[in-house]
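Observations on chain architecture
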Amino acid sequence: TLICNSSTQTSENGIGTFSNIIKEPHKYFDQVVITVRSGDGGHGAVLSLPRTPMKGLSKKTDRTLFHKQRKMKRETDGTVILPMGGHGGDVVIIASDKEKDLLEYHKKRKHFAKRGGNVDAMGLLTPFIGDGAAAPTLHIPVPVGTVVKRKRGGKLLADLVKAGDKVLVARGGRGGISLVEIPKENKGHLQPAIKAPTLKDPDDKVLVLGAPGEEVTIELILRVVADVGLVGLPNAGKSSLLAAVTRAKPEIAEYPFTTLMPNLGHLPGDPNDGDGGFSKGPKMADLPGLIKGAHLGK
């Protein structure tokens, strides 16, 4: 296994200038700090019952109200299930074979998930009101072999060693609940039949609001670049060997330091897998030529 130690030269806040990244990407491809934020939860709603008088109801109106109350979704104890705001989007970091380095995240350092949907209601309690839509999970793909840490405190969150490994780094906000506001003239007539969480105090409206999402600063370190690494002096034939035994097409020339960034290729896999022998073989890396001071980024 090839272990790459980052030689990134950064400013005091740990972030190198973008001009340096363009000029010398080999110093930055294996480490980056990003900020992620999960989505806020959607809001619930304050719902009211139809304003019907307590006395003098016609039999038809009574039957209609009773029929609607029967259609309500209920718990086992008969309590009406009220709609909730949608859950905010989670943020997940996932290892992918399609990613080779972390340079892309130097260009975009902030990643925000979407908020959950609000309860879409006109204000009246009906059996047809649904929950707010849950926001999709935001997946951030990184190369296989990426270590995920919290920037503050350096807590290790995950070591993504194979494709498909993932870690939840920010959980979306919970959706707000809904409450029923019962008019004074209806309390004696409908409240026993409805049996739902009610708005008893104006301050209870805060319960309707969705919870905010989390904002976290994450450090990504590409620890394992490949299974096999080719090291040696400039013009030793490393790129030629990689091109000969894999499908990689590195730049090959007679002058030194043609290779400034590691080139990756897959060695043939098991021919019995029916995949052509290339998609599951070990990964080989052609590394820049070694000279004195290479560990300093020269």
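Residues numbered from 1 in each chain as written. Predicted model: local features only at pLDDT ≥ 70, side-chain atom pairs only at ≥ 80, totals over all residues. Heavy atoms only, no water.

Regarding its fold elements, the protein presents 5 helices and 13 strands. Counting across all 298 residues of the protein, residues that qualify as buried make up 41%. Relative to all contacts within the protein whose residues are 6 or more apart in sequence, the contacts with residues 24 or more apart total 75%. In the form shown here, the protein has an accessible surface area of approximately 17400 Å², with 54% of it arising from carbon and sulfur atoms. (Helix = DSSP H or I, 4+ residues; strand = E, 2+ residues; numbered from the N terminus. Buried < 20%, exposed > 50% of the residue type's maximum accessible area, 1.4 Å probe, protein only. Contact = heavy atoms within 4.5 Å. Areas by Shrake-Rupley, 256 points an atom, 1.4 Å probe, with all protein chains shown as cover.)

Turning to its location among the elements, Leu 260 is positioned in the loop between α5 (238–245) and β12 (263–266). Between the C-alpha atom of Leu 260 and that of Leu 287, which follows or precedes it by 27 residues, the distance is 7.8 Å.

It is worth spelling out the sheet that holds β12 at this point. Taken in spatial order, the 3 strands line up as β11-β13-β12 in an open sheet, and their pairing is mixed. Edge positions in the sheet fall to β11 (228–230) and β12, since each of these pairs with one other strand and no more. For this sheet, the mean angle separating the axes of adjacent strands, direction not counted, is 25°. Lying over the sheet, α5 contacts β11, β12 and β13 (283–286), oriented at roughly 155° with respect to β13. (Pairing = 2+ DSSP bridges. Axes fitted to C-alpha atoms, helices over the stretch in contact; angles between N-to-C directions.)

Residues Val 206, Leu 207 and Leu 209 make up a contiguous nonpolar surface patch of about 270 Å² in total accessible area. Considering the arrangement of structural elements, one finds Val 206 in the loop between α4 (187–194) and β10 (215–222). (Patch = residues over 30% accessible without salt bridge, like charges linked within 9 Å, V, L, I, M, F, W, Y side chains within 5 Å. Salt bridge = Lys/Arg side-chain N within 4 Å of Asp/Glu carboxyl O.)

Looking at α5, one finds that the buried residues are Lys 238, Ser 239 and Leu 242. Along the long axis of α5, the arc covered by the buried residues comes to 95°, so they all point the same way. Looking at the buried residues of α5, the elements they touch are β11, β12 and β13. (Arc of directions from axis to C-beta.)

Before going further, it helps to examine the sheet that holds strand β3 (residues 91–96). With mixed pairing, the 3 strands of this open sheet are ordered in space as β5-β3-β8. Looking at the sheet topology across the chains shown, the edges are occupied by β5 (138–143) and β8 (166–170). Put simply, the sheet's adjacent strands are angled 30° from each other on average, direction ignored. Where β3 meets β5, 6 bridges bridge the pair, whose relative direction is parallel. Looking at the pairing, Ile 93 lines up with Ile 140 of β5.

Attention shifts here to the pairing of strand β1 (residues 31–37). For β1, a buried count of 6 out of 7 residues is recorded, marking the element as mostly surrounded by other parts of the structure. Sheet analysis places β1 next to β10, joined by 7 bridges and oriented antiparallel. Note that in β10 the partner of Thr 35 across the bridge is Thr 217. Where β1 meets strand β4 (residues 110–112), 3 bridges bridge the pair, whose relative direction is parallel. For Val 36, the partnering residue across the bridge sits in β4 and is His 111.

Backbone geometry at Asn 235 places phi at a positive 60°, although glycine is not the residue there. Its relative accessible area of 46% is what places Asn 235 among the partly exposed residues.

This brings us to the pattern of salt bridges. Following the criterion strictly, the structure yields 4 salt bridges and no others. With its nearest N and O atoms 4.0 Å apart, the salt bridge here joins Glu 104 to Lys 107. A residue pair is termed a helical-turn pair when its members lie 3 or 4 positions apart in one helix, as Glu 104 and Lys 107 do in helix α3 (residues 104–107) at 3 residues. Lys 162 is the salt-bridge partner of Asp 165, the closest N and O atoms lying 3.3 Å from each other.

Below, the discussion takes up the nonpolar core. Judged by nonpolar contacts, the single largest core of 31 residues is most densely connected at Val 36, Ile 93, Ile 218 and Leu 220. The set of elements that each furnish at least two residues to this core consists of β1, β3, β5, β7 (156–160), β8 and β10. Excluding residues within four positions of it along the chain, Leu 220 makes contact with Asp 30, Gln 31, Val 32, Ile 34, Ile 93, Leu 102, Val 142, Thr 146, Val 147 and Val 148. Counting 12 residues, the second-largest nonpolar core is a separate cluster that includes Leu 82, Leu 125, Val 180 and Ala 196. (Core = buried A, V, L, I, M, F, W, Y, C linked by side-chain atoms within 4.5 Å.)

Okay, the side chain of Gln 31 next. Among the structural elements, Gln 31 can be located in strand β1. By relative accessible area, Gln 31 is classed as buried at 11%. Among the polar contacts listed, one links the side chain of Gln 31 to the side chain of Glu 219, at a separation of 3.2 Å. (Polar contact = N/O pair within 3.5 Å; in protein donor to acceptor, adjacent residues only side chain to side chain.)

A few words now on the environment of Asp 101. Locating Asp 101 in the fold gives a position in the loop between β3 and α3. The sequence separation of Asp 101 and Pro 262 amounts to 161 residues, and the corresponding C-alpha distance is 9.5 Å. Setting aside chain neighbours within four positions, we find Asp 101 in contact with Phe 29, Pro 143, Leu 222 and Met 261. A distance of 3.1 Å separates a polar atom in the side chain of Asp 101 from the backbone nitrogen of Leu 103.

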